[in-house]
Amino acid sequence: MHAWPASEVPALPGKGRDLRIHDTATGGRITLDPGPVARIYVCGITPYDATHMGHAATYNAFDLVQRVWLDTKRQVHYVQNVTDVDDPLLERAVRDGEDWTALAERETALFREDMTALRMLPPQHYIGAVEAIPGIVPLVERLLAAGAAYELEGDVYFSVDTDPHFGGVSGLDAEAMRILSAERGGDPDRAGKKNPLDPMLWMAARPGEPSWDGASLGAGRPGWHIECVAIALDHLGMGFDVQGGGSDLAFPHHEMGASHAQVLTGEHPFAQAYVHAGMVGLDGEKMSKSRGNLVFVSTLRREGVDPAAIRLALLAHHYRSDWEWTDQVLADAVARLGRWRAAVSRPDGPSADALVEEVRAALSDDLDTATALAAVDHWAALQSESGGTDEGAPGLVSRTVDALLGVAL
């Protein structure tokens, strides 16, 4: 599966700072110290509807992580999946009387268009669950052989009790896990499971649903968590730098995935940091497909909203915060974009050398975009009030905003 075209990232003078970021597993900030190649895995979409602002906010956060790393003169190895077979996708296809593969292909294509418009840097490996199945089956077989998985009426479950580190990602107690498992695709009440929290690794073929040859597992399709584990281990290996996604993925998805990988390899941790973006709400509720309270990136683009303004609207909120999308949020972003573009359109201006370091310092501090935006606002205000004589300043500001914030002026 192919990703989307990459926008050029301008090189800035000097060198950026190492990223200090909040790690869900430890509950505090840690300084990431990747080698020459930083490794990041971000969980992708289930393509049964268009990209909404909650998606955009999540991918914006991890785009910033990449940009900070690139500014430190590192390379970045970025992997993202597409869950192109799953219950919500199949249910939507049945509801709409559409072939599930056609639905997945169409919505994945629209997602690529949205990411391109928002100048999100693409992954080097963009892998669908279906194409990953040949690599998933052997992992499930290995877990069975090791006694870390068991069969139940043809389905295969992972035994969470086989991982001594289980619970270390989310830090939740068993009751909280059980509640979230029921809400987020698990089946804690299924009879016969060794532990209510045990997640499915392989679902035996159901009538009327797609299935694939699972070798010794029989016909079926993979569970949600093992999909990402197989892709991450194949392309990044254990101990990669950042596992990313929305905060609703900390449990069960990232918790279960870490346990799968740790039992498979005998190593810990699966990722050095678990980084989670907050939820975007509308009308007092989390923006989600199940609720239908969505603001789509593609809809805003069709209405003529500049994608740079959409990105500025996202950047106005700290990536870990939960916030509300409103018309005013977008209006403020449109106004800010106008001020910035007016400021850099002049032939000279106040020196921007300090600005570069201010933006770098803000982003290296747990992606503090509000402080970064305020620094650019301050420079733009000085430009508007009194200007300056530095002929290189407007260009440097433009390159800084593009390279570090992903906004083209």
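To be clear, the structure that these remarks concern was listed above.
Quantities reported herein were computed from a predicted structural model and do not represent experimental measurements. Position labels on residues start from 1 in each chain and follow its written sequence. Thresholds applied to this predicted model are a pLDDT of at least 70 for local features of residues and 80 or more for the giving and counting of side-chain atom pairs; totals over whole chains, interfaces and linings are not thresholded and use all residues. Only heavy atoms go into the side-chain values, all of them from the structure, while hydrogens and water stay out.

A. Up close: the packing of helix α6 (residues 224-235) against helix α7 (residues 250-265). Orientation of α6 relative to α7, taken along the N-to-C sense of each, is 55°, at an axis distance of 8 Å. Classified by the interaxial angle, the pair formed by α6 and α7 is oblique. The two elements α6 and α7 meet at a crossing, and its hand is right-handed. Residue-level inspection shows W224, H225, I226, C228, V229 and L233 of α6 in contact with α7, the latter providing P252, H253, M256, G257, H260, A261, L264 and T265. Along the lines of polarity and charge, the residues of the contact of α6 with α7 split into 9 nonpolar, 5 polar and no charged. Structural elements are reduced to axes, namely lines fitted to C-alpha atoms, with helices fitted over the stretch in contact, and the angle between N-to-C directions of any two is expressed from 0 to 180 degrees. Only runs of H or I of at least four residues qualify as helices and only runs of E of at least two qualify as strands under DSSP, and these elements are numbered from the N terminus. Roughly parallel refers to an angle under 35 degrees, roughly antiparallel to one over 145, roughly perpendicular to one between 65 and 115, and oblique to any angle outside these ranges. Throughout, a crossing is termed right-handed when the near helix is turned clockwise from the far one, and left-handed when it is turned anticlockwise from it by less than a right angle. Contact between two residues is taken to exist if any of their heavy atoms lie within 4.5 Å; hydrogens are not considered. The nonpolar class holds Ala, Val, Leu, Ile, Met, Phe, Trp, Tyr, Cys and Pro. Asp, Glu, Lys and Arg form the charged class, and all remaining residues, Gly among them, are polar.

B. Expanded view of the pairing of strand β10 (residues 240-246). Within β10, 7 of the 7 residues are buried, which leaves it mostly tucked inside the rest of the structure. A strand pair is defined by DSSP finding two or more bridges across the two strands. Sheet topology note: the β10/strand β11 (residues 271-277) ladder contains 6 bridges and is parallel. Residue pairing for β11: G246 is matched across the bridge by A277. Whether a crossover is right-handed comes down to one check: with the strands pointing away from the viewer, does the path from the first strand over the helix to the second run clockwise; if it does, it is right-handed. For the handedness criterion, the β-α-β arrangement of β10, α7 and β11 is classed as right-handed. Burial classification: accessible surface area is computed with a 1.4 Å probe over protein chains only, and a residue below 20% of its type maximum counts as buried, one above 50% as exposed, and the rest as partly exposed.

C. Molecular detail of helix α3 (residues 100-117). The end-to-end C-alpha distance of α3 is 26 Å, a good match for the 26 Å that 18 residues give at a rise of 1.5 Å each. Along α3, the positions that sit buried rather than exposed are W100, L103, A104, E107, T108, L110, F111, R112, D114 and M115. Elements in contact with the buried residues of α3: α1 (53-71), β4 (75-82), α2 (87-96), β5 (125-128), α4 (129-145) and α8 (297-302). Just downstream of α3, R119 is the residue with a positive phi angle, here 60°. The length a helix should cover is 1.5 Å for every residue beyond the first.

D. Representation of the pattern of salt bridges within the structure. For this document, the term salt bridge refers to a Lys or Arg side-chain nitrogen within 4 Å of an Asp or Glu carboxyl oxygen. Under the definition given, this model contains 25 salt bridges. In this structure, the salt-bridge partner of R29 is D365, at a minimum N-O distance of 2.5 Å. Of the two residues, R29 is situated in strand β2 (residues 28-31) and D365 in the loop between α11 (353-364) and α12 (369-385); the sequence distance between them amounts to 336 residues. By relative accessible area, which is 33% here, D365 ends up partly exposed. Taken together, the salt bridges that share partners define one network made up of R29, R320, D365 and D366.

E. Structural view of unusual backbone geometry. A cis amide bond links F251 with the next residue in sequence, P252, at an omega value of 10°. Looking at the secondary structure, you find P252 in helix α7. The omega angle of the peptide bond from H268 to P269 is 5°, so this bond is cis rather than trans. Along the chain, the position of P269 falls in the loop between α7 and β11. With a phi close to 60°, R119 is a non-glycine residue in the positive phi region. Relative to the helices and strands, R119 resides in the loop between α3 and β5. Here L367, not a glycine, exhibits a phi torsion of approximately 55°, which is positive. By the secondary structure assignment, L367 is in the loop between α11 and α12.

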